[in-house]
Amino acid sequence: MAASGRVHLLLLLMSVPFCLCTVQGLKAPTPGPVNNVPVAPAVAAMTQPRRATGWKLAEEQSCRDDLTRLCPKHTWSNNLAVLECLQDRKEETEIAVDCNHLLWNYKLNLTMDPKFESVAMEICKSTITEIKECSEEERGKGYLVSCLVDHRGNITEYQCHQYITKMTSIVFSDYRLICGFMDKCREDINTLRCGSINVGEKDIHSQGEVIACLEKALVREAEQQDQAHPIREECKKSIMRVAELSSDDFHLDRFLYFSCREDRERFCENTQAGEGKVYKCLFSHKFEEAMSEKCREALTTRQKLITQDYKVSYSLTKACKADLRKHRCNLDTNMPRAREARLSYLLLCLESAVHRGRTVSEDCQGEMLEYRRMLIEDFSLSPEIVLHCRGEIETHCSGLHRKGRTLHCLMRVGRGDKGSTVDGLCQSAVRRCTLSNSLLLDPILYKKCQGDAARLCHTHGWNETSELMPPGAVFSCLYRHAYRTEEQGRRLSRDCKVEVQRILHQRALDVKLDPDLQKRCLTDLGKWCSDKTGTGQELECLQDHLEDLLSGCGEVVGNLTELQSEDIHIEALLIRACQPVIQSHCHDVSDNQVDTGDVMECLVQNKHQKEMNSKCTVGVTHFQLIQMKDFRFSYKFKMACKEDVLKLCPNIKKKVDVVICLSTTVRNDTLQDVKEQRVSLKCRKQLRVEELEMSEDIRLEPELYDVCKTDIGRLCSNVVFGNAQMMECLKERKKQLSQQCHQRVFKLQEGEMLDPELDYQLMRVCKQMIKRFCTDVDAKNMLQCLKQNKNSELMDPKCKQMITKRQITQNTDYRLNPILRKACKADIPKFCQPILNKASDDSELEGQVIGCLKLKYADQRLSPDCEDQIRVILQESALDYRLDPQLQIHCAEEIPGLCAEEAVAQEQTGQVEECLKANLLKIKHDLCKKEVLNMLKESKADVFVDPVLHTACALDLKHQCAAVTPGRGRQMSCLLESLQDKRVRLQPECKKRLQDRMDMWSYAAKVAPAEGFSDLAMQVMTSPSKNYILFIISLGVIVLFLVGLLCGRITKRVTRELKDR
């Protein structure tokens, strides 16, 4: 409590704050004449020791008259209030010389009084500890308080902040009280004759004019004006530092404060001081008719300082500090500090971050727009234009300084509108200014969008009398709001949106309408696109060669392509060519006020409709191919998966690689049954769209296309791209492909079988059948559903043919049948390991593993799940020999030789298999004969895998074997027993077929005896004479037992007799 009381007492008696630091080289005046001006008694008294309590400025006789005349009586008891009142007086109001000297000596003595440093140490104790620079300052010289003033923006302690704020307002009343300023700028002050450093030569409280004089000299030097004096570097830093320290409160800029005091009351009466708010208010009214010329000049000087160092703007520094650090806009070690701090450089850096989709805070973007407006409103704030366009301004554009008219005039001169030319340096300066501030200056755009810009982009300085067009940052803001959805809100008016789209359409149509693109891509246009002279062809050519472009050109073309992906209407030629399709199939999305990639997605989905013409097809395909070069070119994909890509697939740029990366992550998470997928739901949905689009054209999968390009030319030269036709051609000629291409196609098929929705041809051909039979089926089970309904009378023949193709593919390798692979996960390595040891990862096993499992099925050794899947495969292949790869390979001669008529039948119902069985004795090749015998063995195991026999005996199975559980040969045994039972009368066809099968099995047993005990047991269990055989075997075992028992008794008796002897 004692310490707190002392602080409050000192604050009260010493007027709370004061001075920055001891002014080196300037001693406190002592009583005596100063420049022949007698020192008032009060001044002399001021230098004498006083009690720490009770003395007040209001009691001094030298200031009594001025105090009574200028200051309210309630302020007299507070020294600080008196001091502020007298030094903030109106400019035309003079105060007595003795009072001036009293105030000066009072402030100077306070500066040198160590008590104030001790007060600061008590009040700001925690703050000093937090600010490392201040805690290390030498004590007793005033440096501590100076450091606190420098860091006052970081002070959070209320009392300390109040103390330092008040002290700053006192110190800034005279440059000589600012620590080190006079020492660093003494020489420049004298050279430039900016004022006196001696007390009494000039109104002491107008010493802010000295700083203003130095600031103007600094601006003249930057503009390289004639006879501009070069200011020393250390003084430059001090000038900019003072301007920075005075950035939050316009009272601290003494010259501007006195110059604009009346203007502040006129324009910004209700604007609260602090945080640079008064500065911003005055800047916005700078060109008002009622603004005084002296204030306008002072404001312009301060704006020019801001363009040299952004920190002179408190609001910009505060709003953008974090963003500048985040996007490394002021950390370029290769750039001189002076340029690094330039406003234009930093604004370009931040705008570039916005265009790349990086996050920049809304407050910072609002400040960026304000200062862009400021730069383009007043050409004199751009030193390059002042330096290089002086002659053009005097000749053609004099008298047009206000509201950006000069810059607009220079642009018209540059276009030749006034019948004259512009110097190259001037033209470059104007172009740099306009390109950095405006995408395309357009009066209609300005007129239609000024209300939206003010409402959405905080450009409150725009008004109806301005000839100025929107700055680039404003246009970027308008563009972003033009493509907001209803859910996002705050959208553009329809008229403004139309104009924004018009400008983008024009720029995309002709590269010459985008000066930045033309300038950066001049070399690449000549190298790659010299023969492309048609409308829009240059840009398409640059997009085609995106990987080959120079970095600057590639960046510009990439940015424009990214814009096109969001709004396809920018592609005016494509929209014109695709109008019939849009009207027929995409009208619901094309009529939307906001297009976020929906129209292009619709065009891709309807790429093969009858309304689609060749121009539209080429245009859509071109855009798809361009999108594969960078995932950012797919707007919907970019917006849905941006965060997932940064997290899971960093440093990957190509869209196909990003899709593979994300798809692999989704697949792994699915297989591992993780609780929470790493890829977000919205990204997974859009990823599916991208995968489906890529499956339509082999060129959309560059790696596959590159390795198969030779095979395409050799085997599929007559097939057109698109509709997955080229991919289908390669699949059908898989055995003729080169090794690399074959491996890629196999991997592709493996993915399609795992996810049939990616099989474009299957989904296209069977689209209606899917709607009919598989509406509620999960996409991953789509092929399984179609196979189950393949033989339905309602099945479309083309779809049935496509299903058969996919079945043939699946049966070539178990890896292409995910359901079988999962069901037989344990059986395959258990029974078929020798086959797996010989297999390679990227080539088919030609049905060997499935053939192995079939034999084990006949032996009834498979697990239940695997047995169910093999039974299905046996049933399918028994109806169509093409589904049995091993049979096709080994019986390649026998099928056309013995069963030619059956093989060419359009509908396969097992005729070829029956033919081969019937001609078993005529088959010469052992491998083919073995395959046919295996078929007989498999059919013996289960009647269901013999469709001909099953059809013939369906009625008998129902009547005679209804109680018998299907599977493991039980129903086949039932039929054979019924055949032997004379009491049972089977259907004639069933009886005939069964007799034929028995004859075949008998022959098979002769030519292919059992290979082991398991085969022998199987033959016995499935034999028609099973009971007789089992009876004979049992009888033999009993006889053998009895013989053994008898022999044992005899040998035991003989042994006993021998012992008795």
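Here, every reference points to the structure presented above.
Quick look at the structure, then. Not measured: the values here are computed from a predicted model.

1. Details of the overall build of the chain
Point 1. In terms of regular secondary structure, the chain is built from 63 helices and zero strands.
Point 2. For the chain, the computed accessible surface area is about 52200 Å², with 51% contributed by carbon and sulfur atoms.

2. Overview of unusual backbone geometry
Trans peptide bonds make up most of the peptide bonds, and negative phi angles are found at most residues other than glycine.
Point 1. Of note in this structure, Asn-651 is not a glycine but carries a positive phi near 70°.
Point 2. Looking at the element boundaries, Asn-651 is found in the loop between helix H38 (635-648) and helix H39 (655-671).
Point 3. Of note, the phi angle at Ala-724 is positive, near 60°, even though the residue is not glycine.
Point 4. Position of Ala-724 relative to the elements: it lies in the loop between helix H41 (702-715) and helix H42 (725-732).
Point 5. The exposure class assigned to Ala-724 is buried, which follows from its relative accessible area of 7%.

3. Some points on the environment of Ala-878
Point 1. Mapping Ala-878 onto the fold places it in helix H52 (residues 864-879).
Point 2. Residue classification places Ala-878 among the buried positions, given a relative accessible area of 12%.
Point 3. In this structure the C-alpha to C-alpha distance between Ala-878 and Asp-946, which are 68 residues apart in sequence, comes to 6.4 Å.
Point 4. With sequence-adjacent residues up to four places away left out, Ala-878 is seen in contact with Gly-910, Glu-913, Val-945 and Pro-947.

4. Quick look at a nonpolar patch on the surface
Point 1. A cluster of nonpolar residues, Phe-1031, Ile-1032, Leu-1035, Val-1039 and Val-1043, forms a patch on the protein surface that exposes about 440 Å² of accessible area.
Point 2. Here Ile-1032 is to be found in helix H63 (residues 1026-1060).
Point 3. Given the relative accessible area of 39%, Ile-1032 is considered partly exposed.

5. Brief notes about helix H37 (residues 614-627)
Point 1. A rise of 1.5 Å per residue sets the reference length of H37, with its 14 residues, at 20 Å; its end C-alpha atoms lie 20 Å apart and thus fit the reference within 8%.
Point 2. Structurally, the start of H37 carries an N-cap: the backbone nitrogen of Lys-615 is 3.2 Å from a side-chain oxygen of Asn-613.

6. Here we look at the nonpolar core
Point 1. Membership of the largest hydrophobic core comes to 58 residues, with the highest contact counts inside it found for Leu-214, Ile-239, Leu-256, Leu-282, Leu-299, Leu-343 and Tyr-371.
Point 2. For Leu-299, the contacting residues outside a window of four places in its chain are Leu-256, Cys-260, Leu-282, Phe-283 and Met-291.
Point 3. Grouped together as the second largest cluster of nonpolar side chains are 32 residues, Leu-920, Ile-923, Leu-976 and Leu-986 included.

7. Regarding the packing of H38 against H39
Point 1. Interaxial distance between H38 and H39 falls to 11 Å at its minimum, and their mutual angle equals 70°. Between H38 and H39, the angle is such that the two are roughly perpendicular. Relative to H39, H38 is oriented so that their crossing is left-handed. Across the interface between the two elements, Phe-637, Cys-641, Asp-644, Val-645 and Leu-648 of H38 pack against Lys-655, Val-658, Val-659, Cys-661, Leu-662 and Thr-665 of H39.
Point 2. Looking at the contact of H38 with H39 residue by residue, the class counts come to eight nonpolar, one polar and two charged.

About the criteria used
Residues numbered from 1 in each chain as written. Predicted model: local features only at pLDDT ≥ 70, side-chain atom pairs only at ≥ 80, totals over all residues. Heavy atoms only, no water. Helix = DSSP H or I, 4+ residues; strand = E, 2+ residues; numbered from the N terminus. Areas by Shrake-Rupley, 256 points an atom, 1.4 Å probe, with all protein chains shown as cover. Buried < 20%, exposed > 50% of the residue type's maximum accessible area, 1.4 Å probe, protein only. Contact = heavy atoms within 4.5 Å. Patch = residues over 30% accessible without salt bridge, like charges linked within 9 Å, V, L, I, M, F, W, Y side chains within 5 Å. Salt bridge = Lys/Arg side-chain N within 4 Å of Asp/Glu carboxyl O. Expected span 1.5 Å × (residues − 1). Polar contact = N/O pair within 3.5 Å; in protein donor to acceptor, adjacent residues only side chain to side chain. Core = buried A, V, L, I, M, F, W, Y, C linked by side-chain atoms within 4.5 Å. Axes fitted to C-alpha atoms, helices over the stretch in contact; angles between N-to-C directions. Parallel < 35°, antiparallel > 145°, perpendicular 65-115°, else oblique. Left-handed = near helix turned anticlockwise from the far one by under 90°. Nonpolar A, V, L, I, M, F, W, Y, C, P; charged D, E, K, R; others polar.

Distances and angles like these do not, on their own, reveal function.
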